[in-house]
Every structure is written in structure tokens, then in C-alpha cells.
Amino acid sequence: MTATQDAIVPKFDDEASEGRKLAIICSKGNLDMAYPGLILANAALGEGVEVHLFFTFWGFDMIAKTRMHDLKFSPTGNTAMHMPIGDVRIPQALAPMPGMQPMATHMLKKQIADLGVPEVPDFLEQIVASGGHLWACRMSADMNHLTMDDLYDGVEAMAAYDGPALATAAERIKAVNKTSATKLRLITSNTQGKKPSL
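The numbers attached to residues start from 1 for each chain and follow its sequence in the written order. Only residues with pLDDT of 70 or above have their local features reported here, since the model is predicted, and side-chain atom pairs are shown and tallied only from 80 upward, although totals for entire chains, interfaces and linings are computed over all residues. Here the side-chain values reflect all heavy atoms present in the structure, with hydrogen atoms and water set aside.

### Points about the nonpolar core
In this description, a nonpolar core means a group of buried Ala, Val, Leu, Ile, Met, Phe, Trp, Tyr and Cys residues linked to one another through side-chain atoms lying within 4.5 Å. Classification of residues uses two cut-offs on accessible area relative to the type maximum, computed with a 1.4 Å probe and protein chains only: under 20% is buried, over 50% is exposed, and between them is partly exposed. Judged by nonpolar contacts, the single largest core of 39 residues is most densely connected at Phe 55 and Leu 124. A helix here means a DSSP run of H or I that spans at least four residues, while a strand means a run of E at least two residues long, and both kinds are numbered starting from the N terminus. At the level of elements, strand E1 (21-26), helix H1 (31-46), strand E2 (50-55), helix H2 (100-114), helix H3 (120-129), strand E3 (133-137) and strand E4 (155-159) are the ones that each hand at least two residues to this core. Counting residues per element, this core draws most heavily on H1, at seven residues. The contacts of Phe 55, once residues within four sequence positions are left out, are Cys 26, Phe 60, Met 62, Ile 63, Leu 124, Leu 134, Trp 135, Ala 136 and Cys 137. Here a residue-residue contact requires only that any non-hydrogen atoms of the pair lie within 4.5 Å.

Rendered as C-alpha cells:
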């Protein structure tokens, strides 16, 4: 298990922290599922929005150095997949046939390249260069036996899966308690072998 770091928490009672912010959860490592989050992040950055991409579960394929250059696309189970000409759909009976995944991956990569959209590693580099923030889920890293050294260099840190949420809730409760007669308190459960805290 990896060591924990202090959570980055927004200050709800600080007017200077107001502004447009966007958090995108990237939980899929398929080629077709990698692009929506990256495109959305790029567009938001272009509009001056603070962007944070959080990679978890199979989304780690997008930031793992050994896998990020070789994302795949499978037509199996994708009833919306069609050929690049017209509206010809690929019958699902053909999708699991040998050779379909490499063919579909090649076809999708070519369509993306023809539009001038960068490949995933280059897109991540562009997002970081534009001020975007990349975060990795500590639990997913532990499950996959990965460390920061195994991840794309632009990933800022591994965030504990419950730490940021709890820290954010604690800050919000503090802000509410400053102005309310009713006092709130945060009670956590024992999810990681730690003593519950108040």
C-alpha cells in the first residue's frame, strides 16, 4: 500500500476560490472511452475552466506508461459501431470474430487522426500544458500494483479514494457551523482498518 498525502480541498468560504471548475472521472481504458473526457477537458480549458481529471479503475490504462500508447477498441457489445462509410452498422454476430478488435482499433485511430485529434499521450500532454490537473486513484493503483513511477509524468499525485471527499465535507461543515445555530459534525466509518473519527 502507498503512503497517503494531504488532500487538496476547496475552501467554500473563500471568495477567491470561486470560479468555474470541472472534475472528470476517467474510469474506462478503451480507446473510444478515453476520448470523451479528454475532449471535454480540452474544451473546458479553452473556456478558462479549471479542470481536474481523476483516473480510476480501467481508466488507469490512459495514464499507465506501459499501456497508454496501446489502447484498444472492441466492437463487441457496441451496437452503435458503424463503418466509416455511410450508415452501415457492423452486425454483432461478426464483432467477436478473430481480427475484429485490431481492425476496429485501426479504423477508429485513423478516423481520429484524420480529424487532427492527438493520440491519448499527446492529448494528456496538451491538457497538462494548458493548466489541466491529472490525479490517480490510490485504491486503483494499489489494486494494479502501480506506483507514481509507473504513471504518466503529468499525474500530480495519487489521491486516496475517501480522503478528498472527507476533507471537503469537513471544510464544508466548518463553513456551515460558522453561520448556523445548528452545529453539524462528521462521523466516519471504519473502511480502512482505522479507528472511526468524529
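Now that the structure has been shown, we can carry on.
### Remarks on the confidence of the model for the chain
For every residue, the predictor reports its confidence as pLDDT, a number between 0 and 100. Averaged over every residue, the pLDDT of the chain is 79; the share at 70 or more is 74%. For the chain, helix H5 (residues 163-179) is the element with the lowest average pLDDT, namely 74, and H3 is the one with the highest, namely 94.

### Details of the pattern of salt bridges
One side-chain nitrogen of Lys or Arg within 4 Å of one carboxyl oxygen of Asp or Glu is enough to make a salt bridge. Considering all chains together, one arrives at four salt bridges under this definition. Taking the shortest distance from any N to any O, the salt bridge between Lys 72 and Asp 70 comes out at 3.0 Å.

### Digging into H2
Expected helix span is given by 1.5 Å per residue-to-residue step, counting one fewer step than there are residues. Taking 1.5 Å of rise per residue, 15 residues should cover 21 Å, and H2 covers 21 Å from first to last C-alpha, within 8% of that figure. Those residues of H2 hidden inside the fold are in contact with H1. Residue Gly 116 follows H2 closely and has a positive phi angle near 80 degrees.

### Observations regarding the packing of aromatic side chains
Pairing of aromatic side chains here covers Phe, Tyr and the six-membered ring of Trp, requires ring centres within 6.5 Å, and sorts the geometry by plane angle: under 30 degrees stacked, over 60 edge-to-face, intermediate tilted. Evaluated as defined, the whole model comprises two aromatic pairs. For the ring pair Tyr 35 and Phe 123, a centre distance of 6.2 Å and an interplane angle of 50 degrees mean the geometry is tilted. On the criterion of sequence distance, the pair formed by Tyr 35 in helix H1 and Phe 123 in helix H3 is long-range, its members being 88 residues apart. For Phe 123, a relative accessible area of 3% translates into the label buried.

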